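Below are the chains, spelled out letter by letter.
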Amino acid sequence: MTGFTFDDIPQQAGVTALVTGANTGIGYHIADELARRGARVLLACRSEDKARDAMAKIAAHTPAADLAFVACDLADLSSVEAAAQTVGKERKLDLLIANAGVMMPPLGHATAGTELQFAVNHLGHFALIGRLLDRLAQDGGGRVVIQSSIAHKRGRIDFDNLDAAKGYDRQRFYAQSKLADLLMALELDRRLRAAKSPVAAIGCHPGVAQSELMRHLGAATLLGPLMGVVLNSARQGALPALQAATDPRVTSGSYLGPYGFMEVRGNSSGRAFATDTAQDPLLAARLWETSVEMTGVDPGLAPAN
């Protein structure tokens, strides 16, 4: 499963894909590449204006692109519920690509009073996926793709400080949210397999890519053009998610990333390294139950054991 490139993305005619955060950066390129290959792409974004700007940009070079806007603010569970209801009216749903996120912002709070990165990057997607699993199970089963990060390697879940009341370090909380994403992807796979579901769950990460996520990094944003040369471009960063979504060789429970030096960058994608912590089923089960409690959304999947 190494060496996957943009040329390897198969045609997607007849596929319906929901992509969160599709108006900019990595999410835009995921949506763009899927649309180029004939998929119907639902752009799940907070801002309708930005989503429609992205849709116009895609349509400029793919006039036949089948695109639609879905209003979705992952920090607002009522918005997530409404988005799921909108998507539920689609004829089918084959791909749910949980890509949107925030990275190292000033301290903020959202779902159940949790810190913003944990709320948006993890809890919002947990609720969206939980509400759409039945839809994905139709028509032979779809794929859930969850965007993590190499930052997960230094993450830990501090269940006693999810609201940051005991202190906030934006890098540590970002790593926590990305570890939560990978824990969710692998736990979702375990539960889906135990339930004999046709749905596949796959994790991925973009390496270190130049994208709008960097907007909270202060002076680091000035290095954006340089980072696009030294590290991954946003388009390159989209490739692992595209492999996870479209590569027929990829199986549920896989974790993919750039196939290059230390997974930081690369012009191809392949199997990535997940830490022992990310693969800990007891930690993942605790996170799952915590997520159900905080979101009020129960995906209805029993533990694998």
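This text follows the structure it describes.
Note that the structure is predicted; figures quoted are calculated from it, not measured.

Undergrad: So, the packing of aromatic side chains: which residues are in play, and what are the values?
TA: For the coordinates displayed, the defined rule picks out two aromatic pairs. The interplanar angle of 85° and the centroid separation of 5.2 Å between the aromatic rings of Phe126 and Trp288 together place this pair among those described as edge-to-face. You can see Phe126 sitting in helix H4 (residues 116-137) and its partner Trp288 sitting in helix H8 (residues 281-295), a full 162 residues away along the chain. Relative accessible area serves as the criterion here: at 2%, Phe126 is assigned to the buried category. Between Tyr168 and Phe173, the ring centres sit 5.2 Å apart and the planes meet at 55°, which makes this aromatic pair tilted. Overall, Tyr168 belongs to the partly exposed group, its relative accessible area being 25%.

Undergrad: Report on the side chain of Gln236, specifying residues and quantitative values.
TA: Within the fold, Gln236 resides in helix H7 (residues 234-246). A distance of 2.5 Å separates the side chain of Gln236 from the side chain of Asn267, its partner in a polar contact. Once residues lying within four places of it in the same chain are set aside, the contact partners of Gln236 are Phe6, Leu231, Arg265, Gly266 and Asn267.

Undergrad: Let's hear about helix H1 (residues 25-36): which residues, and what values?
TA: Helix length check: H1, at 12 residues, gives a terminal C-alpha distance of 17 Å against a target of 16 Å (1.5 Å per residue), a fit within 8%. Considered for burial, the residues of H1 that qualify are Gly25, Ile26, Gly27, Tyr28, His29, Ile30, Ala31, Asp32, Glu33, Leu34 and Ala35. Gly38 sits one or two residues past H1 and shows a positive phi near 100°.

Undergrad: Could you give an account of H4, with specific residues and numbers?
TA: Taking 1.5 Å of rise per residue, 22 residues should cover 32 Å, and H4 covers 30 Å from first to last C-alpha, within 8% of that figure. If you look at H4, its biggest bend is around 40°, right at Arg131. Of all 22 residues in H4, 19 are buried, a share of seventy percent or more. The residue sitting at the N-terminus of H4 and contributing the capping side-chain oxygen is Glu115; that oxygen lies 2.9 Å from the backbone nitrogen of Gln117. A positive backbone phi angle near 60° is found at Asp139, which sits one or two residues after H4.

Undergrad: I'd like to hear about the packing of H1 against H7, residue by residue, with values.
TA: At a minimum axis separation of 8 Å, H1 and H7 run at an interaxial angle of 55°. In terms of orientation, H1 and H7 fall into the oblique class. Seen from above, H1 lies across H7 with right-handed handedness. In this structure, H1 contributes Gly25, Ile26, His29, Ile30, Glu33 and Leu34 to the contact, and H7 contributes Ala234, Arg235, Gly237, Ala238, Ala241, Leu242 and Thr246. Its residues placed into classes, the contact of H1 with H7 shows seven nonpolar, four polar and two charged.

Rules of the game
Residues numbered from 1 in each chain as written. Predicted model: local features only at pLDDT ≥ 70, side-chain atom pairs only at ≥ 80, totals over all residues. Heavy atoms only, no water. Phe/Tyr/Trp six-rings, centres within 6.5 Å; stacked < 30°, edge-to-face > 60°. Helix = DSSP H or I, 4+ residues; strand = E, 2+ residues; numbered from the N terminus. Buried < 20%, exposed > 50% of the residue type's maximum accessible area, 1.4 Å probe, protein only. Polar contact = N/O pair within 3.5 Å; in protein donor to acceptor, adjacent residues only side chain to side chain. Contact = heavy atoms within 4.5 Å. Expected span 1.5 Å × (residues − 1). Bend = angle between axes of the 7 residues up to and from the residue. Axes fitted to C-alpha atoms, helices over the stretch in contact; angles between N-to-C directions. Parallel < 35°, antiparallel > 145°, perpendicular 65-115°, else oblique. Left-handed = near helix turned anticlockwise from the far one by under 90°. Nonpolar A, V, L, I, M, F, W, Y, C, P; charged D, E, K, R; others polar.

Read these as spatial facts, not as claims about activity.
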